[in-house]
Amino acid sequence: MSVNLKDRIALVTGASRGIGYFTALELAKAGAHVIACARTVGGLEDLDDAIKAVGGTATLVPFDLSDMDAIDRLGGSIFERWGKLDILVANAGVLGTISPIGHVEAKVFEKVMTINVTATWRLIRSVEPLLMRSDAGRAVILSSAAAHKCRPFWGPYSASKAAVEALVRTWAGETQRTALRVTSVDPGATRTAMRALAMPGEDPETLPHPREVAEAIMPLMGPEWTETGKLFVVRENALKDYRLPE
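None of the values given here were measured: they were computed from a predicted structure.

Peer 1: Break down the overall build of the protein chain for me, citing the residues and quoting the values.
Peer 2: Counting its secondary structure elements, the protein chain contains eight helices and eight strands. Its C-alpha atoms give the protein chain a radius of gyration of 17 Å, within 12% of the compact-globule value 18 Å for 246 residues. Sequence separation of 24 or more characterises 70% of the internal contacts of the protein chain that already satisfy a separation of 6 or more. Of the accessible surface of the protein chain, which amounts to about 11,800 Å², a share of 51% is contributed by carbon and sulfur atoms. Averaging the locations of the 28 positively and 29 negatively charged side chains of the protein chain gives two centres separated by 2 Å.

So, in structure tokens, the structure goes:
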């Protein structure tokens, strides 16, 4: 499905590689100006070259999401330069360790929660007023099946993604009567560095390329998208309602 994002402003976190990189590239192809955020300067510069090669434009913002003041400044800078934000893609996240809960080091648990949960909340807080200034603000927040499956040894990551989904569902409810549409995304197992870290014995060639995920979620960011407060499961190409325990 082709999406026209000409003259739209899109912010993507974790844009230096994986799903974030290819989502930023697809957004640029569709005509959006991409504000690309990541820790890795080299990865951002590679993305900038790829975006220029397809005739797109980008603004590179290298910073660490653990810097909460930087997240606040980012919102202010976007307002000063563009006065609004049309698209948020909150993609950045960390895995932590695959380990029994009782063996997880405190600093590892705290980092997972800081990057995956607190930074996502801070980002929402920083850019919500900007998304509200758009005629069709769209927010896509990357989640994971880990939020629901809660597999043994995945405690910190599962807990963080469950918390993120709770934030996103709450946010969608609060903004339901506005032009902002908010969607969680479960990309499924994807050929990324995080997946390789979690499953070192897995053949990456058996997994979908992150480009496929980026292409699948593009419709969620177009002005024509009307759904909010739901989970988009990429592997099934389906929107799902959240369910309470039965």
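Peer 1: Tell me what's going on with the sheet that holds strand β6 (residues 181-186), and back it up with residues and numbers.
Peer 2: The eight strands are arranged β3-β2-β1-β4-β5-β6-β7-β8 in an open sheet whose pairing can be described as mixed. Only two strands of the sheet have a single neighbouring strand rather than two, namely β3 (57-62) and β8 (238-240). Taken over all neighbouring pairs, the strand axes of this sheet differ in orientation by 20 degrees on average, direction set aside. The pairing of strand β1 (residues 9-13) with strand β2 (residues 33-38) spans five bridges and is classified as parallel. Looking at the pairing, Thr13 lines up with Cys37 of β2. Helix α3 (residues 68-82) rests against β1, β2 and β3 of the sheet, and its axis sits at about 160 degrees to β2.

Peer 1: Tell me what's going on with the packing of α3 against helix α4 (residues 106-132), and back it up with residues and numbers.
Peer 2: Where α3 contacts α4, the axes come no closer than 9 Å and their chain directions differ by 25 degrees. Classed by the angle they form, the pair α3 and α4 counts as roughly parallel. In the packing of α3 onto α4, the handedness of the crossing is right-handed. In contact with Met68, Asp69, Ile71, Asp72, Leu74, Gly75, Ile78 and Phe79 of α3, α4 contributes Thr114, Thr118, Ala119, Arg122, Leu123, Arg125, Ser126 and Leu130.

Peer 1: Describe the pairing of strand β7 (residues 230-233), with residues and values.
Peer 2: The pairing of β6 with β7 spans four bridges and is classified as parallel. Across the sheet, the residue bridging to Thr183 is Lys230, located in β7. Sheet topology places β7 next to β8; three bridges connect them, and they run antiparallel. Among the inter-strand pairings, Phe232 is bridged to a residue of β8, identified as Leu239.

Peer 1: Tell me about the nonpolar core, and name the residues and values.
Peer 2: Counting 35 residues, the largest nonpolar core has Leu5, Leu27, Val34, Leu47, Val185, Ile217 and Met221 as the members making the most contacts within it. Where this core is concerned, the elements lending two or more residues are β1, α1 (18-29), β2, α2 (41-53), β4 (87-90), β5 (138-142) and α8 (210-217). The greatest single-element share of this core, amounting to seven residues, is contributed by α1. Sequence-distant contacts of Val34, that is, excluding residues within four places in its chain, are made with Ala10, Val12, Ala24, Leu27, Ala28, Ile51, Thr57, Ala58 and Thr59. Grouped together as the second largest cluster of nonpolar side chains are 34 residues, Met113, Ala119, Leu131 and Leu180 included.

Peer 1: Explain the pattern of salt bridges to me, and be specific about the residues and the numbers.
Peer 2: For the coordinates displayed, the defined rule picks out 13 salt bridges. Ionic contacts of the salt-bridge type, sharing partners, join the residues Arg8, Lys84, Asp86 and Asp135 into one network.

Peer 1: A description of the packing of aromatic side chains should follow, citing residues and the corresponding values.
Peer 2: If you walk through the whole model with that rule in mind, you get two aromatic pairs. For the pair Tyr21 and Phe22, a centre-to-centre distance of 5.0 Å together with 65 degrees between the ring planes defines the contact as edge-to-face. Judged by its relative accessible area of 15%, Tyr21 falls in the buried class.

Peer 1: Can you explain the environment of Ala159? Please cite residues and give values.
Peer 2: Along the chain, Ala159 falls in helix α6 (residues 155-174). With a relative accessible area of 35%, Ala159 lands in the partly exposed category. Separated by 57 residues in the primary sequence, Ala159 and Gly102 place their C-alpha atoms 14 Å from one another.

Peer 1: Just give me the short version of the pairing of β3, but keep the residues and values in it.
Peer 2: As defined by bridge partners, β2 adjoins β3 across six bridges and the pair is classed as parallel. Residue pairing across strands places Cys37 opposite Val61, the latter belonging to β3. As a crossover connection, the stretch from β2 through α2 into β3 is right-handed.

Rules used in this analysis
Residues numbered from 1 in each chain as written. Predicted model: local features only at pLDDT ≥ 70, side-chain atom pairs only at ≥ 80, totals over all residues. Heavy atoms only, no water. Helix = DSSP H or I, 4+ residues; strand = E, 2+ residues; numbered from the N terminus. Rg over C-alpha atoms; globule rule 2.2 N^0.38 Å. Contact = heavy atoms within 4.5 Å. Areas by Shrake-Rupley, 256 points an atom, 1.4 Å probe, with all protein chains shown as cover. Lys, Arg positive; Asp, Glu negative; His and termini not counted. Charge placed at Lys NZ, Arg CZ, Asp CG, Glu CD. Pairing = 2+ DSSP bridges. Axes fitted to C-alpha atoms, helices over the stretch in contact; angles between N-to-C directions. Parallel < 35°, antiparallel > 145°, perpendicular 65-115°, else oblique. Left-handed = near helix turned anticlockwise from the far one by under 90°. Core = buried A, V, L, I, M, F, W, Y, C linked by side-chain atoms within 4.5 Å. Buried < 20%, exposed > 50% of the residue type's maximum accessible area, 1.4 Å probe, protein only. Salt bridge = Lys/Arg side-chain N within 4 Å of Asp/Glu carboxyl O. Phe/Tyr/Trp six-rings, centres within 6.5 Å; stacked < 30°, edge-to-face > 60°. Right-handed = clockwise from strand over helix to strand, strands pointing away.

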